[in-house]
Amino acid sequence: MTKTERTYLDWNATAPLLPAAREAMVAALDLVGNPSSVHGEGRALRMLVEAARRDVAALVGAKPAHVVFTSGATEAANLVLTPDYRMGRTPLAVGRLYVSAIEHPAVREGGRFAAGSVETIPVTRDGVVDLAALETQLSAHDKAAGLPMVAVMLANNETGIVQPVRTAAEIVRRHGGLLVVDAVQAAGRMPVDIAALDADFLILSSHKIGGPKGAGALVTRGEVLMPVPLIRGGGQEKGHRSGTENPAALAGFAAAARAAAEDLTGRNAGIAALRDRIEAGMRQAASDVIVHGAAVERLCNTAFFSLPGLKSETGQIAFDLEGIALSAGSACSSGKVGESHVLTAMGFDAGLGALRVSLGAATGEAEVERFLAAFGRVVARRRRAVDAA
Ligand code: PLP
């Protein structure tokens, strides 16, 4: 049996490991020692971890001292989303969490907040956070219970739609709240600067930018206001996240962060051109294809589309058999293909299937051609199924 050539178009689920990240990881694996040890071996690893901190900080315009390494974005979200904060040594309460309806489950679940203290911010039909609703919600916030905390992602993982974080920050400031921004999908795909966004906290993940899975960071605006730790123990990461660091993963994360910061504009122009070819090709083959978010600002690499009559699961399997790896939106839930909470939040029928194609730096013309050829065959089969019905 000949092996089908595979075409990977699921970069928002995870980006392939960059060769530079792999090399940095392999080199780090051979270093002996614990980064917390005071001997020479330990100090060498400490230097590696601190160099990684500088590289990750630089990607988002932050100070290295403001990066707390975690096991990924999900852990960073659970660290930051808590009612219990400290301002220096003084406890500070956060009373309520307001999360946009389109957040990734890592954030939407509300971290350490009780379910009754989490409120959803709606989005418009265009998939953009409804800022008027946010204003109303924060106006009604009862400060007696604590500060309001707002979580709005910078770019959505399913649609790629870029959210008006800077304007959301102005609203949050007016109401004396805290802003958490999930920049997992935006990092390396658009400029991200914590001060320019006026965010208090940013969440990052290594594997979305070409680093290894199982590494991420919570980036903070300062050092004074910090969440009560989620993981306690040996006091690593200045006590904010205990546990021996994983130097190899951090070396890979850092190499990916350096690569992500390089030639962002040039790389994005190439990726956007391929994504636009995909969308134009799909429209030519199926005039009823719906490309979600096409009218608003989106990441250059993402096309989220629906073909009426094609269920997400059927579509995903059909493309997989064609050798194309794409996804039905969020891929994080143990392989199950459910309804898209993002499309539902945008007001679409829950039964409308949708598929996501997401590209990256290694995607080329050949992948686009293979996808469009497969798309043509899937559309033809859908037509035959409708005719036969
Ligand atoms: N936030 C967004 C927007 C994501 O796309 C993902 C992963 O799919 C996560 C958070 C979770 O990241 P991690 O896999 O590092 O826990």
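Residues numbered from 1 in each chain as written. Predicted model: local features only at pLDDT ≥ 70, side-chain atom pairs only at ≥ 80, totals over all residues. Heavy atoms only, no water.

The name given to the chain in an unreviewed UniProt entry is Cysteine desulfurase, with the source organism recorded as Shinella pollutisoli. Quoted verbatim from the Cofactor (unreviewed entry) field of UniProt, the annotation for the chain is "pyridoxal 5'-phosphate". (UniProt positions renumbered as here; feature names shortened; annotations may be inferred.)

Turning to the site of the ligand, a few remarks are in order. Close to the ligand lie 13 residues, the nearest being Thr-74, Asp-182, Gln-185, Ser-205 and Lys-208. Within the side chain of His-207, a nitrogen or oxygen atom sits 2.8 Å from an oxygen atom of the ligand. In the environment of the ligand, an oxygen atom lies 2.5 Å from a nitrogen or oxygen atom belonging to the side chain of Lys-208. Against a free-state accessible area of 400 Å², the protein chains account for coverage of 90% of the ligand. (Near = heavy atom within 4 Å. Polar contact = N/O pair within 3.5 Å; in protein donor to acceptor, adjacent residues only side chain to side chain. Areas by Shrake-Rupley, 256 points an atom, 1.4 Å probe, with all protein chains shown as cover.)

Turning our eyes to something else, we now look at the sheet that holds strand E14 (residues 355-358). On the basis of which strands lie adjacent, the open sheet formed by 3 strands has the order E11-E12-E14 and antiparallel pairing. Lying at the two open borders of the sheet, with one neighbouring strand each, are strand E11 (290-291) and E14. For strand E12 (residues 302-306) and E14, the ladder comprises 4 bridges, and the chain directions are antiparallel. The residue bridging Thr-302 from the neighbouring strand is Ser-358, located in E14. This element, helix H9 (residues 264-285), spans E11, E12 and E14 of the sheet and lies at about 15° to E12. (Pairing = 2+ DSSP bridges. Helix = DSSP H or I, 4+ residues; strand = E, 2+ residues; numbered from the N terminus. Contact = heavy atoms within 4.5 Å. Axes fitted to C-alpha atoms, helices over the stretch in contact; angles between N-to-C directions.)

This brings us to the packing of aromatic side chains. Note on aromatic pairs: each is described by the distance of the centres and the angle between the planes. Tallied over the full model, the rule gives 6 aromatic pairs. Ring geometry for Phe-305 versus Phe-371: centroids 6.4 Å apart, planes at 70°, classification edge-to-face. One end of the pair, Phe-305, is in strand E12; the other, Phe-371, is in helix H12 (residues 365-388), and 66 residues separate them in sequence. Judged by its relative accessible area of 1%, Phe-305 falls in the buried class. Their ring planes at 70° and their centres at 5.9 Å tell us that Phe-305 and Phe-375 sit as a pair that is edge-to-face. (Phe/Tyr/Trp six-rings, centres within 6.5 Å; stacked < 30°, edge-to-face > 60°. Buried < 20%, exposed > 50% of the residue type's maximum accessible area, 1.4 Å probe, protein only.)

The next point concerns the pairing of strand E3 (residues 84-87). Of the pairings in the sheet, the one linking E3 to strand E4 (residues 90-100) comprises 4 bridges and is antiparallel in character. Note on E4: the bridge partner recorded for Asp-84 is Ala-93. The sheet contact formed by E3 and strand E10 (residues 225-227) spans 3 bridges and is antiparallel. Considered in E10, the bridge of Tyr-85 is made with Pro-227.

Glancing now at the nonpolar core. The biggest cluster of nonpolar side chains holds 60 residues, and the ones touching the most others in it are Phe-69, Val-150, Leu-202, Val-219 and Phe-253. In terms of residue count, the dominant contributor to this core is helix H8 (residues 247-261) (7 residues). Shared between two domains, this core takes at least three residues from each, and those domains are domain 1 (7-16 + 264-388) and domain 2 (22-261). The residues touching Val-150, leaving out its near neighbours within four places in the chain, are Tyr-98, Ile-121, Leu-134, Leu-138, Val-172, Leu-178, Leu-179 and Val-180. With 29 residues, the next largest nonpolar core counts Ile-278, Ala-286, Val-368 and Phe-375 among its residues. (Core = buried A, V, L, I, M, F, W, Y, C linked by side-chain atoms within 4.5 Å. Domains from an automatic or database assignment.)

Looking at where Asp-198 falls in the secondary structure, it is placed in the loop between helix H7 (194-197) and strand E8 (201-205). Accessibility expressed as a relative area gives 14% for Asp-198, which makes it buried. Ignoring anything within four residues of it in the chain, the contact list for Asp-198 reads Arg-166, Ala-169, Arg-173, Leu-179 and Arg-221.

For helix H10 (residues 312-321), the full list of buried residues reads Ser-312, Gly-315, Ala-318 and Phe-319. On an axial view of H10, the arc spanned by its buried residues comes to 135°, and they lie on one face. Check the buried side of H10 and you find it contacts strand E13 (324-325), E14 and H12. Immediately beyond the C-terminal end of H10, within one or two residues, lies Gly-323, with a positive phi of roughly 90°. (Arc of directions from axis to C-beta.)

With that settled, the discussion passes to helix H5 (residues 131-139). Looking at H5, one finds that the buried residues are Leu-131, Ala-133, Leu-134, Gln-137 and Leu-138. The buried side chains of H5 occupy one side of the element, clustering within an arc of 150° when seen end-on. What points out from H5, more than 90 degrees from its buried face, is the exposed set Ala-132, Thr-136 and Ser-139. Those residues of H5 hidden inside the fold are in contact with E4, strand E5 (118-121), strand E6 (147-151) and helix H6 (165-174). Capping the start of H5 is the job of one residue whose side-chain oxygen sits 3.2 Å from the backbone nitrogen of Ala-132: Asp-130.

The next subject is unusual backbone geometry. Generally, phi is negative for residues other than glycine and the peptide bonds are trans, each holding for most cases. Although it is not a glycine, Asp-198 sits at a positive phi angle of roughly 60°. At Asp-263, a position not held by glycine, the phi torsion is positive, near 45°. Examined against the element boundaries, Asp-263 turns out to sit in the loop between H8 and H9. Judged by relative accessible area, which is 54%, Asp-263 ranks as exposed.

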